[in-house]
Amino acid sequence: MCGIVGIVGSQAVNQSIYDALTVLQHRGQDAAGIVTITKGMFKQRKANGLVKDVFEARHMQRLQGNVGIGHVRYPTAGSSSAAEAQPFYVNSPFGLTLAHNGNLTNAQELREFVAKTARRHINTTSDSEVLLNLLAHELDKLVLEQCTEKQIFAAVKAVNSKARGAYAVVALVIGQGMLAFRDANGIRPLVLGQRDCEAVPGRKEYMVASESVALDAVGFKFVRDVAPGEAVFISLDGQLFTEQCSEKPRYNPCIFEYVYFARPDSVIDKVSVYGARVNMGTRLGEKIQREWSDLEIDVVIPIPETSCDIALQIALQLELPYRQGFVKNRYIGRTFIMPGQSQRRKSVRRKLNAIDVEFKGKNVLLVDDSIVRGTTSEQIIEMAREAGAKKVYFASASPEIRFPNVYGIDMPSANELIAHGRDVEEIGTLIGADGLIYQDLEDLIEACRASNPDIQDFETSVFNGKYVTQDIDQSYLDYLESLRNNDAQEISGQEEVTNLEIHNEG
Ligand SMILES: O=P(O)(O)OC[C@H]1O[C@H](OP(=O)(O)OP(=O)(O)O)[C@H](O)[C@@H]1O
Ligand SMILES: NC(=O)CC[C@H](N)C(=O)O
Ligand SMILES: [Mg+2]
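Keep in mind that what you see is a predicted model, and the values were worked out from it rather than measured.

Cut-offs applied
Residues numbered from 1 in each chain as written. Chains lettered and ligands numbered in written order. Predicted model: local features only at pLDDT ≥ 70, side-chain atom pairs only at ≥ 80, totals over all residues. Heavy atoms only, no water. 1 Å grid on protein atoms, 1.4 Å probe; cavity = no way out; pocket = protein on both sides within 12 Å on 5 of 7 lines; lining within 4 Å. Points joined across faces, edges and corners; volume = space filled by probe spheres on them. Helix = DSSP H or I, 4+ residues; strand = E, 2+ residues; numbered from the N terminus. Nonpolar A, V, L, I, M, F, W, Y, C, P; charged D, E, K, R; others polar. Buried < 20%, exposed > 50% of the residue type's maximum accessible area, 1.4 Å probe, protein only. Contact = heavy atoms within 4.5 Å. Domains from an automatic or database assignment. Buried area = accessible area lost by both parts, 1.4 Å probe. Polar contact = N/O pair within 3.5 Å; in protein donor to acceptor, adjacent residues only side chain to side chain. Axes fitted to C-alpha atoms, helices over the stretch in contact; angles between N-to-C directions. Left-handed = near helix turned anticlockwise from the far one by under 90°.

Draft legend 1. Examining empty space enclosed by the protein more closely. With the rule as written, the count across this model stands at three cavities of 30 Å³ or more. For the largest cavity, the calculated volume is near 60 Å³. Arg73, Thr76, Gln86, Asp127 and Ser128 are the residues nearest the centre of the largest cavity, which is lined by 13 residues in total. Every element with two or more residues in the lining of the largest cavity is listed here: strand E6 (96-104) and helix H5 (127-142). Ranked by the residues each element gives to the lining of the largest cavity, the list is headed by E6, at three residues. One number sums up the size of the second largest cavity: a volume of about 50 Å³. Every residue along the wall of the second largest cavity is listed here: Thr76, Asn103, Asn405, Val406, Tyr407, Gly408, Ile409, Asp410, Pro412, Leu480 and Arg484. The residue makeup of the lining of the second largest cavity, split by class, is five nonpolar, four polar and two charged.

Right, here's the structure in full:
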């Protein structure tokens, strides 16, 4: 899951984009990039690393201009090399730069189209570079000298008719403005915000971002979610245009945003992430009361950080004490979005440590938001036992994850998922729990839908294998697995190529 942001302002945007990227850091820890426009030129800085490490004072000084976009990356296609950090750039038409959250499911087909029909060269294995070149090709076919918002929207319509999968996109067009659009299913989130311009009375400044928390952080007011299939264009002089650019838009937001990805203080598609997590706790608590009434649990302990709000609600529901028995090292990021299983494995013990007194001689209920590969749960249960727990029960706020994700979460291979082909008992034995309980899918859906009943279907493929874009078959999943399984990723992550595009401030 990556984070994207874009601002059309009336004063320098570099600091605001930087600040927005720092609050979107939980969406991608691998690479970060910012591009601004000043005097008709793009200024760019992107590299592997966290936002605070990628942008030094000298880079910030050069990222001048009142318009810009930014990206934090969690690789889900191609490699994790610096050459695939975003935004990407092409020089024609006008000069375009683009940042993308999501994953194209027909990237290979589009890559061939772009090479053979559009005669454009793609220099990396990134699907986002393919998407940029497709947009450039469609825009090039439509515009003559100066382009209008109508032509820009026509180009997005053409892109939507060819691209499949998940994409929330922000792009800059030199001399024209900023464009943002969301795929027809609205799988990945995108919000629009505005604020009054201090220097020019009556003028508005606009911002788009993956999550509403980014708007809060830099003083923009939330206006609305960009709708599935919709495009938003803001001209350089600050005029806002919007248009529905998909023939069949449908609301199918990814449910995993609420389970794990998004920050709790964000509201996505009118659903508070925090509220959804509290509801998950209530429903899972009820299931525990129904099914585990004979168990004697002494204490509920969350596995920090994402599950804390859920575990607290479970404790309230069960009328049991809630204790933060694991301390999280605040300098270690999220383990699940690290590239490579060996790094993820090593990080759990570096990140979490048990406070013995909360475990000694007790029957503990550990709560996590999800169990994906089982990396965290297995080690955490071991730590709880080492700390002296009598019995260790485990509850997951989302159901068994049995199917690969193809829309921007790095779960490409069913075989890496601990629940694939196993029942709950077998999974419990593997992670070493004395009892394991999962949330039911219906309950998870209702927990998230509670504040927006208009959402017809969430994107829930990792739980039930139903892919909302309806273009996924076993041969695609086999192909994805061969590209992105653990071994393939550890090899591709090693290649370090320099960017071959606009000057990158080193
Ligand atoms: O079964 P696994 O493959 O281990 O994946 C699931 C775990 O990974 C995530 O935590 P993470 O450390 O990424 O982030 P958090 O601090 O936000 O909980 C998630 O919250 C689970 O704890
Ligand atoms: N997680 C994402 O949104 C990734 C975007 C894009 N597919 C990449 O790998 O760079
Ligand atoms: Mg976690």
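Draft legend 2. Summary view of the environment of Ser16. You can see Ser16 is positioned in helix H1 (residues 14-23). Under the relative-accessibility criterion, Ser16 is labelled buried at 14%. In this structure, the C-alpha to C-alpha distance between Ser16 and Ala57, residues 41 residues apart in sequence, is 14 Å. Look past the residues within four positions of Ser16 in its chain and what remains in contact with it is Ile7, Arg195 and Val218.

Draft legend 3. Molecular detail of the domain arrangement of the protein. Considered domain by domain, the protein is made up of domain 1 (3-250) and domain 2 (273-328 + 348-456). Each of domain 1 and domain 2 has a C-alpha centre, and these two points are 35 Å apart. Domain 1 puts 11 residues into the contact, and the matching count from domain 2 is six residues. For the pair domain 1 and domain 2, the summed buried area comes to about 710 Å², and 56% of that belongs to carbon and sulfur atoms. At the junction of domain 1 with domain 2, the criterion picks out two residue pairs in polar contact (both at pLDDT 80 or more). Sorting the residues of the side of domain 1 that touches domain 2 by element identifies E6 and strand E7 (165-173) as the ones contributing at least two each. Partitioning the side of domain 1 that touches domain 2 into residue classes produces four nonpolar, five polar and two charged.

Draft legend 4. Region of the structure containing the packing of helix H9 (residues 273-291) against helix H14 (residues 441-449). Taken N-terminus to C-terminus, the directions of H9 and H14 make an angle of 145°; their axes are 8 Å apart at the nearest point. Judged by the twist between their axes, the crossing of H9 over H14 is right-handed. Contacts between H9 and H14 involve Ala276, Asn279, Met280, Arg283 and Arg290 from the first element and Asp443, Leu444, Glu446, Ala447 and Cys448 from the second. Tallied by class, the residues present in the contact of H9 with H14 amount to five nonpolar, one polar and four charged.

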